[in-house]
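Chain by chain, the residues:
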Amino acid sequence: MRTTRTAAALLAASALVVVAGCSSSGGKEAKDSPSKDGDGVPAATQRLKIAMVTHSGEGDTFWDIVQSGAKVAARKDNVEFLYSANKEGKEQAQLVQAAIDQKVDGIIVTLAKPEAVQDVVKKAVAAGIPVVTINSGAEFSKAVGALSHIGQDESVAGEAVGEELNKRGKKKAVCVIHEQGNVSLEARCAGVKKTFKGTVENLNVDGTNTPASTSSIEAKLQAGKDIDAVVALGAPMAAAAVKAKDGAGSGAEVNTFDLNAEVVKQLKAKQIGFAVDQQPYLQGYLAIDEIWLNKVNGNVIGGGKPILTGPALVTEKDVPALEKLTADGTR
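These numbers come from a predicted model, not from an experiment. (Residues numbered from 1 in each chain as written. Predicted model: local features only at pLDDT ≥ 70, side-chain atom pairs only at ≥ 80, totals over all residues. Heavy atoms only, no water.)

J.: Is there a simple way to explain the state of the cysteines in this structure?
T.: A covalent bond between the sulfur atoms of two cysteines is referred to as a disulfide. Tallied over the entire structure, the rule returns one disulfide. Here cysteine 175 is linked by a disulfide to cysteine 189, with a sulfur-sulfur distance of 2.1 Å. Between cysteine 175 and cysteine 189 the disulfide shows an S-S torsion of about -85°. By sign, it is left-handed. Here cysteine 175, found in strand S6 (residues 172-177), pairs with cysteine 189, found in helix H7 (residues 183-195); they are 14 residues apart in sequence, far enough to count as distant. Assessed through its relative accessible area of 1%, cysteine 175 is described here as buried. (Disulfide = S-S within 2.5 Å. Helix = DSSP H or I, 4+ residues; strand = E, 2+ residues; numbered from the N terminus. Buried < 20%, exposed > 50% of the residue type's maximum accessible area, 1.4 Å probe, protein only.)

J.: Help me understand the packing of aromatic side chains, please; the structure alone is not making it clear to me.
T.: Pairs of aromatic rings are described using the distance from one ring centre to the other and the angle between the two planes. Tallied over the entire structure, the rule returns three aromatic pairs. For the ring pair phenylalanine 62 and tryptophan 63, a centre distance of 5.0 Å and an interplane angle of 75° mean the geometry is edge-to-face. Neither phenylalanine 62 nor tryptophan 63 differs from the other in exposure class; each is buried. Measuring from centroid to centroid gives 6.3 Å for tyrosine 281 and tyrosine 285, while their planes differ by 20°, and the two rings are stacked. With tyrosine 281 and tyrosine 285 both in helix H11 (residues 280-297) and four residues apart, the pair spans about one turn of that helix. Each of the two residues, tyrosine 281 as well as tyrosine 285, counts as buried. (Phe/Tyr/Trp six-rings, centres within 6.5 Å; stacked < 30°, edge-to-face > 60°.)

J.: I'm lost on the sheet that holds strand S10 (residues 272-277) in this one. Help?
T.: Strand pairs in the sheet, formed through backbone hydrogen bonds, run parallel or antiparallel to each other. The strand order S7-S6-S8-S9-S10-S12 describes an open sheet built from six strands, whose pairing is mixed. With partners counted over all chains shown, the strands left at the sheet margins are strand S7 (199-204) and strand S12 (312-314), one partner each. Going across the sheet, the axis of each strand differs from the next one's by a mean of 20°, ignoring polarity. Of the strands in this sheet, strand S9 (253-257), S10 and S12 are in contact with helix H10 (residues 261-268), which crosses S10 at around 145°. (Pairing = 2+ DSSP bridges. Axes fitted to C-alpha atoms, helices over the stretch in contact; angles between N-to-C directions. Contact = heavy atoms within 4.5 Å.)

J.: So what exactly am I meant to see when it comes to helix H6 (residues 154-167) here?
T.: An α-helical turn contains 3.6 residues, so a residue and the one three or four places further along point in the same direction. Its 14 residues give H6 an end-to-end C-alpha distance of 20 Å, which sits within 8% of 20 Å, the value for a rise of 1.5 Å per residue. The complete set of buried residues in H6 reads Glu154, Ala157, Gly158, Glu159, Ala160, Val161, Gly162, Glu164 and Leu165. Buried residues along H6 sit against S6, H7, strand S8 (229-232), S9, S10 and S12. Sitting at the head of H6, aspartate 153 places a side-chain oxygen 3.1 Å from the backbone nitrogen of serine 155. Positive backbone phi, approximately 75°, marks glycine 169, located one or two places after H6. (Expected span 1.5 Å × (residues − 1). Polar contact = N/O pair within 3.5 Å; in protein donor to acceptor, adjacent residues only side chain to side chain.)

J.: Help me out: how do you make sense of the sheet that holds strand S2 (residues 79-85) in this one?
T.: With parallel pairing, the six strands of this open sheet are ordered in space as S2-S1-S3-S4-S5-S11. Each of the sheet's edge strands pairs with one partner strand only, and the pair in question is S2 and strand S11 (307-308). Across three bridges, the pairing between strand S3 (residues 106-109) and strand S4 (residues 131-134) is parallel. Across the sheet, isoleucine 108 pairs through a bridge with valine 132, a residue of S4.

Take a look at the structure:
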């Protein structure tokens with residue numbers, strides 16, 4: 001499993017903060033895996049209120065993992081963590097405005113639809129509220145005044161998928177976009193096209209309607225018997241793709257971005273060839289830590305440069321190390 005040096009270094013730095021924050025508890029030993037809700041003694045610093053506003057659609061388990069990381073960091077840093085989400089850009093912008101109105105001490109936001117939220121994010125920065133962007137829209141982060149962006153480079157991740165498909169001898173792929181207008185999803189498919197030596201066709205589906213998405217993918221596979229690879233852009237859509245493949249009687253290999261417990265089971269059963277892990281737990285954890293460090297010590301992690309948490313390609317060989325962590329909701 002290949003992870004970025006930047007992410008590893010930052011995780012190590014965060015671990016040091018955890019140790020320092022818990023020193024007054026008499027050196028309580030850390031658990032074997034991260035807690036979903038956090039434990040130990042909170043930092044002896046002022047109580048902060050930090051809001052996270054994302055573009056998550058209903059039932060997207062990816063954001064449960066992001067929140068798990070954020071909650072652990074919030075408990076450690078003596079932070080009140082507020083979470084809200086809406087898949088529509090206009091509504092997401094309204095949620096950011098609500099956070100501003102609550103006079104929060106920091107805002108974590110995704111820029112999946114930057115044209116809809118960039119003005120209100122700039123408004124937050126102008127009001128003196130530190131902002132960290134995560135997951136989506138890295139190329140727009142600096143322009144809106146964010147401290148930095150935490151996530152994977154989506155184009156690079158897509159290119160890695162294209163290269164892996166080449167290694168596997170694939171010739172024709174379908175890239176399933178489950179949220180139209182999401183710049184990060186489009187960048188992933190564009191990255192695949194850039195490096196894949198075969199042909200790639202994008203398929204737009206409604207990620208919040210799993211039965212309809214499954215039917216769309218199944219119809220595509222039935223119509224294109226020469227399709228030998230399906231690239232899902234999220235773990236819930238991977239499950240739909242596996243079901244669609246079976247329904248179409250297709251021999252296409254299903255691969256996906258992102259992990260959850262179901263994807264790991266599918267990797268183990270060889271229903272999925274490989275997955276791209278961008279470490280969402282790390283995105284939530286580091287975002288809280290960055291705002292806390294900036295508020296209490298004037299730090300900016302990475303000097304304002306993007307902080308990479310992926311991509312890491314995982315296969316059935318990585319299942320033993322991932323089964324417990326995904327079951328715990330931390331990977």
